[in-house]
Amino acid sequence: MIGLIRNLAKLLDAREKRMAIVVMTMMIAAALMDVVGVASVLPFIGVLSDPSLIEQNVWMSTMYIGLGFVEPRNFMVFLGMVV
């Protein structure tokens with residue numbers, strides 16, 4: 001693998017190397033965004049199935065109170081839009 005990267009580096013000029021780094025960085029960022037998106041679905045489904053999780057979970061209750069929600073249903077709609 002390292003040999004392949006070295007051979008590729010020999011073939012590319014400075015501009016192409018910079019562009020390759022930019023493309024790789026964007027690919028890694030997109031992969032991380034996919035992971036965050038998939039990981040955020042499970043807590044949302046948990047709140048939909050048991051709304052009392054809003055008060056039980058520290059992060060959810062902090063968001064619920066901090067954002068000024070009064071009804072759990074409105075908070076669930078908000079979570080659905082964010083997810």
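Please refer to the structure higher up on the page.
Residues numbered from 1 in each chain as written. Predicted model: local features only at pLDDT ≥ 70, side-chain atom pairs only at ≥ 80, totals over all residues. Heavy atoms only, no water.

Here we look at the overall build of the protein
Counting its secondary structure elements, the protein contains five helices and zero strands. When the helices and strands of the protein are placed in sequence order, the string is α-α-α-α-α. At 21 Å, the protein has a C-alpha radius of gyration far larger than the 12 Å of a compact globule built from 83 residues. Principal axes of the C-alpha set define a box for the protein whose edges measure 60 × 25 × 20 Å. In the protein, which comprises 83 residues, the share counted as buried stands at 12%. Considering only residue pairs separated by 6 or more positions, the protein has 27% of its internal contacts joining residues 24 or more positions apart. When the accessible surface of the protein is totalled, it reaches about 6900 Å², and 73% of it is carbon and sulfur. (Helix = DSSP H or I, 4+ residues; strand = E, 2+ residues; numbered from the N terminus. Rg over C-alpha atoms; globule rule 2.2 N^0.38 Å. Buried < 20%, exposed > 50% of the residue type's maximum accessible area, 1.4 Å probe, protein only. Contact = heavy atoms within 4.5 Å. Areas by Shrake-Rupley, 256 points an atom, 1.4 Å probe, with all protein chains shown as cover.)

Remarks on the nonpolar core
Side chains of a nonpolar character, in soluble globular proteins, are inclined to be buried together. By size, the foremost hydrophobic cluster in this structure holds eight residues: Phe44, Val47, Ile54, Met60, Tyr64, Phe75, Met76 and Leu79. Counting only elements with at least two residues in this core, the list comes to α2 (14–49), α4 (58–66) and α5 (72–82). Top element by residues in this core is α5. It accounts for three residues. The contact partners of phenylalanine 44, leaving out residues within four places of it in the chain, are Met76, Leu79, Gly80 and Val83. (Core = buried A, V, L, I, M, F, W, Y, C linked by side-chain atoms within 4.5 Å.)

What about α5?
Regarding α5, the residues found buried are Phe75, Met76 and Leu79. Projected down its long axis, α5 shows its buried positions confined to an angular sector of 100°, all on one face. Turned more than 90 degrees off the buried face of α5, the exposed positions are Arg73 and Met81. Taken together, the buried residues of α5 touch α2, α3 (53–56) and α4. (Arc of directions from axis to C-beta.)

Regarding the packing of aromatic side chains
To describe a pair of aromatic rings, one takes the distance between the centres and the angle between the planes. Evaluation of the coordinates by the stated rule reveals five aromatic pairs. Relative to phenylalanine 69, the ring of tyrosine 64 has its centre 6.3 Å away and its plane inclined at 20°; by these criteria the two rings are stacked. Given a relative accessible area of 21%, phenylalanine 69 falls into the partly exposed group. On the basis of an interplanar angle of 70° and a centroid distance of 5.3 Å, the ring pair of phenylalanine 69 and phenylalanine 75 is categorised as edge-to-face. On the basis of relative accessibility, which here comes to 0%, the residue phenylalanine 75 falls in the buried class. (Phe/Tyr/Trp six-rings, centres within 6.5 Å; stacked < 30°, edge-to-face > 60°.)

Considerations on the environment of glycine 80
Relative to the helices and strands, glycine 80 is located in helix α5. In this structure, the C-alpha to C-alpha distance between glycine 80 and phenylalanine 44, residues 36 residues apart in sequence, is 7.1 Å.

Any functional reading would require information beyond the geometric quantities listed.
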